[in-house]
Amino acid sequence: TSLYHCYLAPYRFSDVDGFYKNFNHHSEKAEGYTHYTLLSLWDTFRAENPLLILMQPEVEENIIHSMLSKYRQTGELPYWEIAGNEGGSMIGYHAAVLMADAVAKKVGKFDLEEMYKALVAVSETDRKGLGFYRQFQFVPTDKEKSGTVSKTLEYSFDDWCIAQIAEQLGKESDYQKYMSRSQYYKNLFDPEYRLFRGKNSDGSWFEPFHPRFAEYGNPHCVEGNTWQYSFFAPHDMDGLIGLMGGKAGFEQMLDSLFQQTSELLGEDTEDVTGLIGQY
């Protein structure tokens, strides 16, 4: 049943003759690929897209071509696309994750120079605290009103993905630049708690700090809390384990994730049920 659900979306958007409504609301023909819509990338980059590239590589290739078509038409990659429109919701620039995965697994045929140019462009915007991220090497809680931990961690992962494509193209200085940015996540790690938490632009920790606070609009995390987000460094697990005190420390934190109570009044995210501890 879960696998069936994974195949419900995204949807084919181009008709049998290849035409679809493009991002400028004109009729356009998808040449050599099938155009897809409902690219809710924040919801799918962690698990569904990595599954699709293994189980449905042709679909994943078409999804990436669909994203690149938006770049050609508007100068930006999608964040949360629906029916030829940019919804603009959620954080990150997770087109980078899908593209790096395809390049690493040699799935699909793409113009890598165009792909890289599109990724650099999306990484240099000021959207949702990204300008602050570049300036301070984290997203400061006194500058950006919500989700600063989530944003910093996810931007770091996206930058690591861009670095992998830069390396494929032999762009050594760009590779080093984005690899450096991929380490910014460490700037929000508090060794006292062994968790990531909000920090102000002057380097002080944001107070008060409630690790299990998960209501919408909280200053640290997007649709989650710092217990759940503090394990998100998929590009640098060795680095994360080191921050948490090595293998023994990391094991203790992982056990604690499943043992912490999730039944605190006012700290449960409305659309999350069935938690095991904080997991």
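A brief structural summary. (Residues numbered from 1 in each chain as written. Predicted model: local features only at pLDDT ≥ 70, side-chain atom pairs only at ≥ 80, totals over all residues. Heavy atoms only, no water.)

### Topic: the overall build of the protein
Within the protein, the regular secondary structure consists of twelve helices and nine strands. For 279 residues, the compact-globule formula gives about 19 Å, and the C-alpha radius of gyration of the protein, at 19 Å, lands near that figure. When the backbone C-alpha atoms are referred to their principal axes, the protein occupies close to 60 × 45 × 35 Å. Taken over 279 residues, the protein has a buried fraction of 50%. Within the protein, contacts between residues separated by at least 24 positions form 63% of all contacts whose residues are at least 6 apart in sequence. Positive and negative side-chain charges in the protein, numbering 25 and 41 respectively, have mean positions lying 4 Å apart. (Helix = DSSP H or I, 4+ residues; strand = E, 2+ residues; numbered from the N terminus. Rg over C-alpha atoms; globule rule 2.2 N^0.38 Å. Buried < 20%, exposed > 50% of the residue type's maximum accessible area, 1.4 Å probe, protein only. Contact = heavy atoms within 4.5 Å. Lys, Arg positive; Asp, Glu negative; His and termini not counted. Charge placed at Lys NZ, Arg CZ, Asp CG, Glu CD.)

### Concerning helix H4 (residues 57-74)
Counted at 1.5 Å a residue, the expected span for H4 with its 18 residues is 26 Å, and the 26 Å between its end C-alpha atoms agrees. For H4, the buried fraction is high: 13 of the 18 residues fall into the buried class. A positive phi of about 85° marks glycine 75, the residue just after H4. (Expected span 1.5 Å × (residues − 1).)

### Comments concerning the sheet that holds strand E6 (residues 80-82)
Spatially, the three strands line up as an open sheet ordered E5-E6-E7, and their pairing is antiparallel. The sheet is open, and its two borders are formed by strand E5 (39-40) and strand E7 (85-86), each paired with just one other strand. When E5 meets E6, the two strands line up antiparallel, connected through two bridges. Of the residues in E6, the one forming a bridge with serine 40 is tryptophan 80. (Pairing = 2+ DSSP bridges.)

### Quick notes on the packing of aromatic side chains
In the structure shown here, the tally under the stated rule is 15 aromatic pairs. Relative to phenylalanine 232, the ring of phenylalanine 157 lies with its centre 5.8 Å away and its plane at 85°, an arrangement referred to as edge-to-face. In this pair, phenylalanine 157 sits in helix H8 (residues 148-168) while phenylalanine 232 sits in the loop between helix H10 (226-229) and helix H11 (237-243), placing the two residues 75 residues apart along the sequence. Relative accessible area serves as the criterion here: at 10%, phenylalanine 157 is assigned to the buried category. The class for phenylalanine 232 is buried, based on a relative accessible area of 13%. (Phe/Tyr/Trp six-rings, centres within 6.5 Å; stacked < 30°, edge-to-face > 60°.)

### What about the packing of helix H5 (residues 95-105) against H8?
The geometry of H5 relative to H8 is characterised by a closest axis approach of 8 Å and an angle of 35° between their N-to-C directions. Crossing of H5 against H8: the hand is left-handed. Taken together, the residues of H8 that come into contact with H5 (itself represented by Ala96, Val97, Met99, Ala100 and Val103) are Phe157, Asp158, Cys161, Ile162, Ile165 and Gln168. Residues that form the contact of H5 with H8 fall into these classes: nine nonpolar, one polar and one charged. (Axes fitted to C-alpha atoms, helices over the stretch in contact; angles between N-to-C directions. Left-handed = near helix turned anticlockwise from the far one by under 90°. Nonpolar A, V, L, I, M, F, W, Y, C, P; charged D, E, K, R; others polar.)

### A few points about the nonpolar core
Of all hydrophobic cores here, the largest spans 68 residues; its most connected members are Ile64, Met67, Leu77, Met99 and Met115. With nine residues, H8 is the largest single contributor of residues to this core. Apart from the residues within four sequence positions on either side, methionine 99 is in contact with Ile64, Met67, Leu68, Leu77, Met115, Leu119 and Ile165. (Core = buried A, V, L, I, M, F, W, Y, C linked by side-chain atoms within 4.5 Å.)

### Observations regarding the side chain of glutamate 60
Considering the arrangement of structural elements, one finds glutamate 60 in helix H4. Although glutamate 60 is buried, it makes no salt bridge; lysine 105 carries the closest opposite charge, 9.1 Å away. The contact partners of glutamate 60, leaving out residues within four places of it in the chain, are Asn49, Leu52, Ile53 and Leu98. (Salt bridge = Lys/Arg side-chain N within 4 Å of Asp/Glu carboxyl O.)

### Focus: the environment of arginine 194
In this structure, arginine 194 sits in the loop between strand E8 (189-190) and strand E9 (195-196). Judged by relative accessible area, which is 22%, arginine 194 ranks as partly exposed. Separated by 3.2 Å, the side chain of arginine 194 and the backbone oxygen of methionine 244 make a polar contact. (Polar contact = N/O pair within 3.5 Å; in protein donor to acceptor, adjacent residues only side chain to side chain.)

### Some details on the environment of leucine 51
By the secondary structure assignment, leucine 51 is in helix H3 (residues 48-55). In this structure leucine 51 comes out as partly exposed when scored by relative accessible area, which is 25%. C-alpha of leucine 51 to C-alpha of leucine 3: the two residues are 48 residues apart in sequence and 9.5 Å apart in space. Apart from the residues lying within four places of it in its own chain, the contact partners of leucine 51 are Leu3, Cys6 and Gln56.

### Focus on a nonpolar patch on the surface
On the surface, a cluster of nonpolar side chains totalling about 390 Å² of accessible area is made up of Leu3, Tyr7, Leu54 and Met55. Methionine 55 gets classed as partly exposed once you look at its relative accessible area, which sits at 45%. (Patch = residues over 30% accessible without salt bridge, like charges linked within 9 Å, V, L, I, M, F, W, Y side chains within 5 Å. Areas by Shrake-Rupley, 256 points an atom, 1.4 Å probe, with all protein chains shown as cover.)

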